[in-house]
Amino acid sequence: MSEKLIYTAEHSKVSMTTEELLLLEKHGNTKLIEHIDFKAEVIHTGYFIGLDTLSPLDKPLYVGPKREAGKRLDYLKMLSVCLHHPLINVHSQDLFDIRFQQQTIRILQQDDLLTPLLIVQFLRATERVVRKSLQKGYYSRTENKTAKVKGRVLVADTIKRNHYRNNYLQTWCKYQEFGIDTAPNRILNKTLQFVQRYAQLFPADILSLGAKLRFLQPAFARVGTDVEMNEIEHYRPNPFYAEYGDAIASARLLLKRFGYQLNALQSDTYTDMPPFWIDMSKLFELYVLGQLQKVIGSQEVIFQADGKFGYLDFLRTSQGEEMIIDAKYRYLYGEKRYEIEDVRQLSAYARDRGLLAQLKLPKTEWSKMVLPCLIIYPDPEASPELERSSLLDDPIKQFESFYRQGICLPRL
């Protein structure tokens, strides 16, 4: 492992020389650095965790999750809770990015943030596939038939593998069969093999893979694992089986992470990782969406509501309880402070005609009312669950109809 590896956490500082900072400002392009402070001679990490190389310095940078009250933020549980809600998975595509084309970086196996995330996403997507039932279809099958033929006779194989061995009763045939042993299901089953090996190599992992595998694997008992790489890379989902799109996309990333080789999974102290980042502010946004759907109802919360001013995080449409809601991954609200730009932003949303048009309010009432604005933020001292009845219990007293609500995030 490179001795130059820099370990830090989100929203932290890393000291550097002025020369290094100048090189980063000129050539650096990693999302792991939020801004450079020349006066203090530090770089500030922001809302992204992950691994990348500071290319002009040839130094790898590792940014881990934030620590709250001495415990590390459990980003995997946040993701798992999010993906319990099928509709949320549609919005998780830009949650992370992996740069497979760039050179890998060696890190401690215990610091692997990426593989568990890919596994959680894959298992959730595959669970939705299994609950709906596996897609059936026609697939090619090759078999050495005894005293009969089916489909197309493979003459060359029959002569080479049967007749040359004085076996004249069997014939190699290739034919079409209808069932679940299709290419998409083989891709999923092959990926489940990787997950099973991961569970065997790292039995103390926090993902509780055993229970999930025991639920999923019986559904693939009659499905093989032989699949060509081009079938994985060029799979096109059937619109009637939309769940497969997410599951195959997750499987493709997980297989690519290990170069499609099962024996690439090793219980070594170190592992080679491609550069990647995870957007924690986006993850917090999705986590809050799951909580709001749970306490308010998915039909009464519009995510990324499109207005004239832009896209609002959440628009509550409950009749008589209409509300502008925004998720801010900022801890300052727990200190009874506020960011004036956030207030201005939500105030604009509350007057956005495009958003007001999506509510069940007569147009004549728009100018007479002030929609309540709520900011939801992370707070280690708050409850881990939102309560519908207490969303407006903590007003920001400097402004009319402005509120804040903390939520305690999962921690390890």
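Residues numbered from 1 in each chain as written. Predicted model: local features only at pLDDT ≥ 70, side-chain atom pairs only at ≥ 80, totals over all residues. Heavy atoms only, no water.

## What to know about the pairing of strand 18 (residues 323-327)
Within strand 18, five of the five residues are buried, which leaves it mostly tucked inside the rest of the structure. Neither face of strand 18 is left uncovered, since the one carrying Met323, Ile325 and Ala327 and the one carrying Ile324 and Asp326 both have all their residues buried. The pairing of strand 17 (residues 311-316) with strand 18 spans three bridges and is antiparallel. Bridge pairing in strand 18 places Arg316 opposite Met323. Where strand 17 folds back onto strand 18 in an antiparallel hairpin, the turn is made up of six residues, including Gly320, whose phi is positive at roughly 85 degrees. In the sheet, strand 18 pairs with strand 19 (residues 373-378) via four bridges, with the strands oriented parallel. Note on strand 19: the bridge partner recorded for Ala327 is Ile376. (Buried < 20%, exposed > 50% of the residue type's maximum accessible area, 1.4 Å probe, protein only. Helix = DSSP H or I, 4+ residues; strand = E, 2+ residues; numbered from the N terminus. Pairing = 2+ DSSP bridges.)

## Notes on the sheet that holds strand 15 (residues 276-279)
Spatial ordering of the open sheet is given by 1-6-5-15-9, a layout of five strands whose pairing is mixed. Both outer strands of the open sheet, strand 1 (6-9) and strand 9 (96-98), are each paired with one neighbouring strand and no more. Mean inter-strand twist for the sheet, computed between neighbouring axes without regard to direction, equals 15 degrees. (Axes fitted to C-alpha atoms, helices over the stretch in contact; angles between N-to-C directions.)

## Observations concerning the domain arrangement of the protein chain
Here the protein chain is partitioned into domain 1 (6-64), domain 2 (105-134 + 181-273), domain 3 (137-179) and domain 4 (280-407). With centres defined by C-alpha atoms, the gap from domain 3 to domain 4 works out at 65 Å. (Domains from an automatic or database assignment.)

## Details of the packing of aromatic side chains
For the structure shown, the criterion picks out 13 aromatic pairs. One aromatic cluster in this structure is built from Tyr47, Phe284, Tyr329 and Tyr331. We note Arg161 situated over the ring of Trp172; from NZ or CZ to the ring centre the distance is 3.9 Å. Positioned over the ring face of Phe258 is Arg257, at 4.4 Å from the centre of the ring. (Phe/Tyr/Trp six-rings, centres within 6.5 Å; stacked < 30°, edge-to-face > 60°. Lys NZ or Arg CZ within 6 Å of the ring centre and 35° of its normal.)

## Digging into a nonpolar patch on the surface
Side chains of Val149, Val153, Val155, Ile159 and Tyr164 sit close together on the surface and give an oily, nonpolar patch of about 480 Å² of accessible area. Here Val155 is to be found in helix 4 (residues 155-161). (Patch = residues over 30% accessible without salt bridge, like charges linked within 9 Å, V, L, I, M, F, W, Y side chains within 5 Å. Areas by Shrake-Rupley, 256 points an atom, 1.4 Å probe, with all protein chains shown as cover. Salt bridge = Lys/Arg side-chain N within 4 Å of Asp/Glu carboxyl O.)

## Brief notes about the sheet that holds strand 13 (residues 170-179)
Strand pairing in a sheet takes place through backbone hydrogen bonds and is either antiparallel or parallel in direction. The three strands are arranged 11-13-12 in an open sheet whose pairing can be described as antiparallel. Each end of this open sheet is capped by a strand with a single partner; those strands are strand 11 (137-146) and strand 12 (152-153). Where strand 11 lies against strand 13, 10 bridges are found, and the strand directions are antiparallel. What sits directly across from Thr146, in strand 13, is Gln170.

## Remarks on the environment of Gln266
Residue placement: Gln266 occurs in the loop between helix 8 (242-257) and strand 14 (270-273). It is 7.1 Å that separates the C-alpha atoms of Gln266 and Leu201, two residues lying 65 residues apart in sequence. Residue contacts for Gln266: discarding those within four places in its chain leaves Gln109, Arg197, Leu201 and Phe202. (Contact = heavy atoms within 4.5 Å.)

## Looking at helix 6 (residues 209-216)
Because an α-helix packs 3.6 residues into every turn, residues spaced three or four apart end up facing the same way. Of the positions making up helix 6, those classed as buried are Leu209, Leu213 and Leu216. For helix 6, the angular spread of the buried residues around the axis is 70 degrees, confining them to a single face. Here the buried face of helix 6 lies against helix 3 (114-132) and helix 5 (183-201). (Arc of directions from axis to C-beta.)

## Quick word on unusual backbone geometry
Phi at His11 takes a positive value of approximately 55 degrees, unusual for a residue other than glycine. Secondary-structure assignment places His11 in the loop between strand 1 and strand 2 (13-15).

## Considerations on the packing of helix 5 against helix 8
Helix-helix packing is described using two parameters, namely the angle between the two axes and the distance between the axes. Relative orientation of the contacting elements helix 5 and helix 8 amounts to 45 degrees, with a least axis distance of 10 Å. One finds that helix 5 runs oblique with respect to helix 8. With respect to the hand of their crossing, helix 5 and helix 8 are arranged in left-handed fashion. Two secondary-structure elements touch here, helix 5 through Pro184, Asn185, Ile187, Leu188, Thr191, Phe194 and Val195 and helix 8 through Tyr244, Ala247, Ile248, Ala251, Leu254 and Leu255. Residues belonging to the contact of helix 5 with helix 8 are distributed by class as follows: 11 nonpolar, two polar and no charged. (Parallel < 35°, antiparallel > 145°, perpendicular 65-115°, else oblique. Left-handed = near helix turned anticlockwise from the far one by under 90°. Nonpolar A, V, L, I, M, F, W, Y, C, P; charged D, E, K, R; others polar.)

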